[in-house]
Amino acid sequence: MRNRPKISEESKARLAQLLNTVTVSLRRIINNQDRIILHQEYDNIINNLKFENIPPEKELITLYTEITNKMAQLRLSNDERKRFLEAFEKNKKEVLWEAMRNVQSYSLEPLVFLTSLAQNAISSLFNYRDMKPKLQVELENSLWELENEKVDEINLLWRKWLSVSLSISGKYEIESVYHAVVREQHVDTYLEAEVDPDIHRGLRQFERLSDYDEFRHSFPPFWLAFAIRAEKAGNTRKRNECLSKFFEYHQSILERDPVFGRACLMKVRTILERNLNIREEKVREVVEELLANADKHLDITDGESRIVISALYQKLDYIERAKSVLYVNLDNNVDIEITKTCMESLYWNRDVAESLYPLLAILVGKKDCVSVEDLLKLALNGHEEARADIGKFIHASGGKINESLIKIIDDSAKAGNDIAMCLLGLLYRSCGNLEKAEEWYLKSAEKGDPDAMFNLGVLYKSRGDEKKAEEWYLKSAERGHADAMFNLGVLYWSRGDEKKAEEWYLKSAERGNESVSYTHLT
């Protein structure tokens, strides 16, 4: 009898996992008949495999090439992908809020809230099927419908892959050592359990599937899916057990492995939940490695998870790493509003985690869930809507606001925050102390704040000094301040210069301005 080729046990493990990963990925596409799922599986799994560490089997490589060519023909075009991601980003905040609606922000420490955010983070790879009903309202069916004949073609390739997998398994005696290739009858059971709306029924299905070697040893994503299902069921003991199994059996078979990235972040959560000090040397080493791997492997759309990573890097005093993680979001237009506010928090050395809950509440129209203190912190971090609301609050109160709020503004202004300087000027103006108002407006304007420049213009106009008012209105308008543009129009109109007035009115209108806002005490 001809000798069978010999490979190491580690190579057998990698080969079994690679074969099973493609098997499950193709079957997921066939079952869903969805081009968006096809695109995600192609990008994150099929076209992302590392073949260099497995035996160079010609039949396998030829079939794999045929599969990738077919999927490349069917994946989304650049324009379709852009439209999908725009719709996904638009809807993900509400889905996240719904997932976290039972979290009481003010009773939680920031790090504890971070664990909740990480648990419920939304990415297109993990949450697309949950969000599909919302997305269907905005996107035409042709974007995701996979025609029956195309499904049949993929199904044929899948069956070929199953046959080749069994052949290679026998050739290298994979199933003689705890490893196994996935059987057809088990794949659909796994995929159904993964999305079963009955959490506990799905959990029982996972428990039964864990008896089979192809899932137990040879398809680590099974263990993460099991862990996620157990977590949703409130069974943290089972979650931790499954997570340990994931890391025990995981092999590096993907260039970028989003499932591994999610598992790393879940592992960090278990550390935080145990109230371990992440600055303690041994804990810190583990957390740093997990964060680095999560950052490297997470799906591009997994912006909220990157925000969690950034906040934890801040806790570890790695500010440049924290910024670097956020730049991934900014460069890919993912979770832009939240990310920008977090970047401001890093700039002003404020706790990134503190601002996340109130910011999310504002973004989904739930301002009633946000305290004035949290609104102020957001304003000081550069969130425009929060700043506008705080300005309204100060103006309406006539400067008579809570002492703790005054202290936050005063401390921040003295620490060099230009927004706090401007708000302190507004506070003095509301109290009638125009000299102090001018002093703080000037300090803020010197640091480049256009709202402070505008308020200086208003202040000088109220004193009858039109020359100084015009000077500051112009400086503010040059930085895009719509109300400054409007007031320049008013100023030039009063002088009879209708041409200049019309020019500035038009510029103000182009910036979306309809009237002078609350902060501008005309």
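Computed from a predicted model, the values in this text were never measured in an experiment.

Participant: What is the right way to read a negative patch on the surface from this model?
Facilitator: Taken together, the side chains of E145, E147, E149 and D152 present a region of like negative charge at the surface. Mapped onto the elements of the fold, D152 is located in helix 7 (residues 148-171).

Participant: Explanation requested: the side chain of S305 in the structure shown.
Facilitator: Within the secondary structure, S305 is located in helix 15 (residues 303-315). At 2.8 Å, the side chain of S305 forms a polar contact with the side chain of D302. Leaving out residues up to four positions away in the same chain, S305 has contacts with A121, R262, L265 and L298.

Participant: What exactly am I supposed to notice about the confidence of the model for the protein chain here?
Facilitator: Residues shown with low pLDDT carry predicted positions that ought not to be read at fine detail. With 95% of its residues at a pLDDT of at least 70, the protein chain reaches an overall mean of 88. This model gives residues 516-522 a pLDDT under 50, and the stretch forms 27 contacts once residues within four places in sequence are excluded.

Participant: Looking at this structure, I do not really get the environment of E194. What am I missing?
Facilitator: In this structure, E194 sits in helix 8 (residues 184-195). Exposure remark for E194: the relative accessible area of 21% places this residue in the partly exposed category. With 286 residues separating them in the primary sequence, E194 and G480 have C-alpha atoms 50 Å apart. With near-sequence residues (within four places) excluded, E194 lies in contact with R28, R129, F206, A225 and R229.

Participant: Explanation requested: the state of the cysteines in the structure shown.
Facilitator: Here a disulfide denotes a covalent bond joining the sulfur atom of one cysteine to the sulfur atom of another. Enumeration according to the criterion identifies zero disulfides in this entry. C264 provides the cysteine sulfur closest to C242, a residue in no disulfide bond, and the two sulfurs are 16 Å apart. Owing to a relative accessible area of 0%, C242 belongs among the buried residues under this scheme.

Participant: When you look at the packing of aromatic side chains in this model, what are you seeing that I'm missing?
Facilitator: How two aromatic rings sit relative to each other is given by the distance of their centres and the angle of their planes. The final tally for this structure, using the stated rule, is 20 aromatic pairs. Summarising the aromatic geometry, the rings of F84 and Y128 are spaced 5.7 Å apart at their centres and angled 80° between planes, so their arrangement reads as edge-to-face. Remark: Y128 occurs in helix 6 (residues 124-138) and F84 occurs in helix 4 (residues 78-99); sequence separation between them is 44 residues. Look at Y128 and you get buried, because its relative accessible area is 1%. Residues F206 and F222 carry aromatic rings whose centres are separated by 5.4 Å and whose planes lie at 45° to one another, so their mutual orientation is tilted. Here the residue F206 occupies a position in helix 9 (residues 199-209), and F222 occupies one in helix 11 (residues 221-232), the gap between them amounting to 16 residues. Residue classification places F206 among the buried residues on the basis of a relative accessible area of 0%. Here F222 falls in the buried class, since its relative accessible area comes to 0%. A connected cluster of aromatic rings, assembled from ring pairs, spans Y190, F206, F215, F219, F222, W223 and F226. Here the guanidinium or amino end of R27 rests over the ring plane of W158, the centre of that ring lying 4.4 Å away. Residue placement shows K443 over the ring face of W440; its charged tip is 4.1 Å from the ring centre.

Rules behind the numbers
Residues numbered from 1 in each chain as written. Predicted model: local features only at pLDDT ≥ 70, side-chain atom pairs only at ≥ 80, totals over all residues. Heavy atoms only, no water. Patch = residues over 30% accessible without salt bridge, like charges linked within 9 Å, V, L, I, M, F, W, Y side chains within 5 Å. Areas by Shrake-Rupley, 256 points an atom, 1.4 Å probe, with all protein chains shown as cover. Salt bridge = Lys/Arg side-chain N within 4 Å of Asp/Glu carboxyl O. Lys, Arg positive; Asp, Glu negative; His and termini not counted. Charge placed at Lys NZ, Arg CZ, Asp CG, Glu CD. Helix = DSSP H or I, 4+ residues; strand = E, 2+ residues; numbered from the N terminus. Polar contact = N/O pair within 3.5 Å; in protein donor to acceptor, adjacent residues only side chain to side chain. Contact = heavy atoms within 4.5 Å. pLDDT = per-residue confidence, 0-100. Buried < 20%, exposed > 50% of the residue type's maximum accessible area, 1.4 Å probe, protein only. Disulfide = S-S within 2.5 Å. Phe/Tyr/Trp six-rings, centres within 6.5 Å; stacked < 30°, edge-to-face > 60°. Lys NZ or Arg CZ within 6 Å of the ring centre and 35° of its normal.

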